[in-house]
Amino acid sequence: MTDPVPAIELKNICKAYGALRVIDDVSLTIERGVFITLLGPSGCGKSTLLRSIVGLAEPDSGTILVDGKDITNAAAHNRPVKMVFQDYALFPHMTVAQNIGFGCEMQGMEKSAIARRSTELLELIRLPDIANRYPDALSGGQRQRVALARALAPDPAALLLDEPLGALDLKLRQDMQRELKAIQRRTGKTFVFVTHDQQEAMSMSDLVAVMNKGKIEQLDSPENIYANPATLFIADFVGATNLFEATVEAKDGDHLTLSVGDAHWRVPAARVTSHRKPDVGEAVSVVIRPEAFDIGASRRKGDIQLSGRLTDQTYLGDRVHLNVETADEKSLLVDARPPISIGEGAEIRLHCRADNLAIIAGR
Amino acid sequence: MISVAVGLPIAFAVARTSGVMRGLLIALILLPAFLPVVVSAISLRIFIGRIGLETGTAAIAFGHAVGSVPFVVIMVLTRLNTMGRNMADAARNLGADDVIILVRIVLPYLSPALLGAFMFCLLLSFEDFVRSFFLGGFEQTFPVLLFARLRFGFDPGLAAISTLVLIATTGFGLYAERFVRKRSLRSETSLTSGAKND
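Residues numbered from 1 in each chain as written. Chains lettered and ligands numbered in written order. Predicted model: local features only at pLDDT ≥ 70, side-chain atom pairs only at ≥ 80, totals over all residues. Heavy atoms only, no water.

**A closer look at the environment of Thr-37 of chain A**
Residues and elements named next belong to chain A.
At step 1: By the secondary structure assignment, Thr-37 is in strand 3 (residues 35-39).
At step 2: Each C-alpha atom, one on Thr-37 and one on Tyr-88, is 19 Å from the other, the two residues being 51 residues apart in sequence.
At step 3: Apart from the residues within four sequence positions on either side, Thr-37 is in contact with Phe-193, Thr-195, Ala-201, Ser-205, Leu-207, Val-208 and Ala-209. (Helix = DSSP H or I, 4+ residues; strand = E, 2+ residues; numbered from the N terminus. Contact = heavy atoms within 4.5 Å.)

Right under this line is the structure:
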């Protein structure tokens, strides 16, 4: 699947607006044919990074290579990467076919070839009958797909998508996520997707790069991002999280003993997911996902035991969300399977396997 | 024509500024529209005298262009504001340079506003009496001619012509309005899917 020459290579990209560092020394290598998502809150620099690759923003320093060629100083209209914009930016005075053909036309393609290419792409997005319509006569989802086809038409080295599903409603968005993924598989193109929606990032990507304050904090598979967050920010931003403040009491062999409030947890040292490994006496954070908890006391040796009072439960059919308040007034989120036979306000015991958590140095 | 040609780049320039600067600029550009016509006509007369332009057709054209620019700027600016910033970026990303973006994307997008501005200015300068009177010299525009005739006594033909002109200009204005609205409708809402491109 991977090729010796990566589709996109970013080296030490920096960009600042005044004192604000929007992109802070970002380096990233994107192999060919990969669906990668830049995930982060708004203002983390992900869109600016994308615009730098297509030349619509100018980085202060750094090098951008596409297919091994340095395009850092190439004019925006000469770059081989194409972009799908958040508001689609279709040309309202051109038909769908003219919109899709625009990129090919700019490359000096022959008319008949352009027409063939347009038809081909309309087939790909499964809208073969709308060639002569104007963008304003299309629904949001259709416009979205036309924008995608327009960017794919000139056969780009990579396709960059800047929050393209942001304007769609939830149902349509989920359909489009599947559609996008399918189109990416069918064309084998490199997709660089930008979003602030972690669920979107998780469901579509081969790789996720989580960005925060202009830096990439972790580049990993969606599974690893969720299970092994490298920073506290990622643990908090991706998925629901229960955070415990703890201190490393002792290290023995491949286990750590943590003191959490009055309790002592013995956990595998391999569950330290941050890059920096904590020393004895250092403060750490323990991340336990809501679904890692099981209800009831555990007889298995080494499990982490907790108890508290059930304050609230939300029934969701296949799952129940529980809110549990512990003795030290900490509120826990628990994701359990129904049926739950415990009433609100009652005592509840929880346990969690000692390897079903993540430990991050620092607080 | 002249005012459209002058007003368009001004509108582009204004669209790029922002904040206080933008407010000041717009105020400055609109000023001629709010000035009493007599005042501007007299000052224009003095001005063309200074730069050595003779009264006549050229002077009238110049004067009318000056009077129409504010309307062009406003109409183009309004349309320009509805154009997403990304549209030009998208064209650039697809391989269009500045010239192609202007010719293929921006101008077609602005065309309803440009056409509207053009027709509006045409009406405006056709009707304008004061500026033409001051700047015309021996060259008479239609309203000036009417006025001159009026001074030699009442003439039923005059009333007839005036009525005809009234109807014609009103009709032209209404038609232009309808035409422009139809065009911008086509490029803004979702009513006319099958319309032929021009």
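**As for the packing of aromatic side chains**
At step 1: In this structure the tally under the stated criterion is 5 aromatic pairs over all chains.
At step 2: Lying over the aromatic face of Phe-244 of chain A, Lys-330 of chain A brings its terminal NZ or CZ to 5.0 Å of the ring centre. (Phe/Tyr/Trp six-rings, centres within 6.5 Å; stacked < 30°, edge-to-face > 60°. Lys NZ or Arg CZ within 6 Å of the ring centre and 35° of its normal.)

**Observations regarding the interface of chain A and chain B**
At step 1: Contact residues are listed per partner, giving 29 residues for chain A and 26 residues for chain B.
At step 2: With both chains or domains summed, chain A and chain B bury close to 2,400 Å², and 60% of this area falls on carbon and sulfur atoms.
At step 3: In terms of surface lost to chain B, no three residues of chain A exceed His-77, His-93 and Tyr-134 of chain A, which account for 26% of the buried area on that side.
At step 4: Across the pair Glu-105 of chain A and Arg-104 of chain B runs a salt bridge, and its minimum N-O distance is 2.6 Å.
At step 5: Inspection of the chain A/chain B interface yields 7 residue pairs in polar contact (both at pLDDT 80 or more). (Buried area = accessible area lost by both parts, 1.4 Å probe. Salt bridge = Lys/Arg side-chain N within 4 Å of Asp/Glu carboxyl O. Polar contact = N/O pair within 3.5 Å; in protein donor to acceptor, adjacent residues only side chain to side chain.)

**So, the sheet that holds strand 16 (residues 304-315) of chain A**
Residues and elements named next belong to chain A.
At step 1: Strands sit in the order 15-19-16-17-18 across an open sheet of 5 strands; the sheet is antiparallel. What marks the edges here is a single partner per strand, and that holds for strand 15 (294-295) and strand 18 (331-336).
At step 2: Pairing of strand 17 (residues 320-326) with strand 18, which is carried by 6 bridges, proceeds in the antiparallel orientation. Opposite His-321, over in strand 18, you have Asp-335 as the bridge partner. (Pairing = 2+ DSSP bridges.)

**Thoughts on helix 2 (residues 96-106) of chain A**
At step 1: Within the span of helix 2 of chain A, buried status applies to Val-96, Asn-99, Ile-100, Gly-101, Phe-102, Gly-103 and Cys-104 of chain A.
At step 2: Considering only its buried residues, helix 2 of chain A is in contact with helix 3 (111-124) and helix 4 (140-152) of chain A together with helix 5 (85-93) and helix 6 (98-127) of chain B. (Buried < 20%, exposed > 50% of the residue type's maximum accessible area, 1.4 Å probe, protein only.)

Spatial relationships are all this shows, so hold off on functional conclusions.
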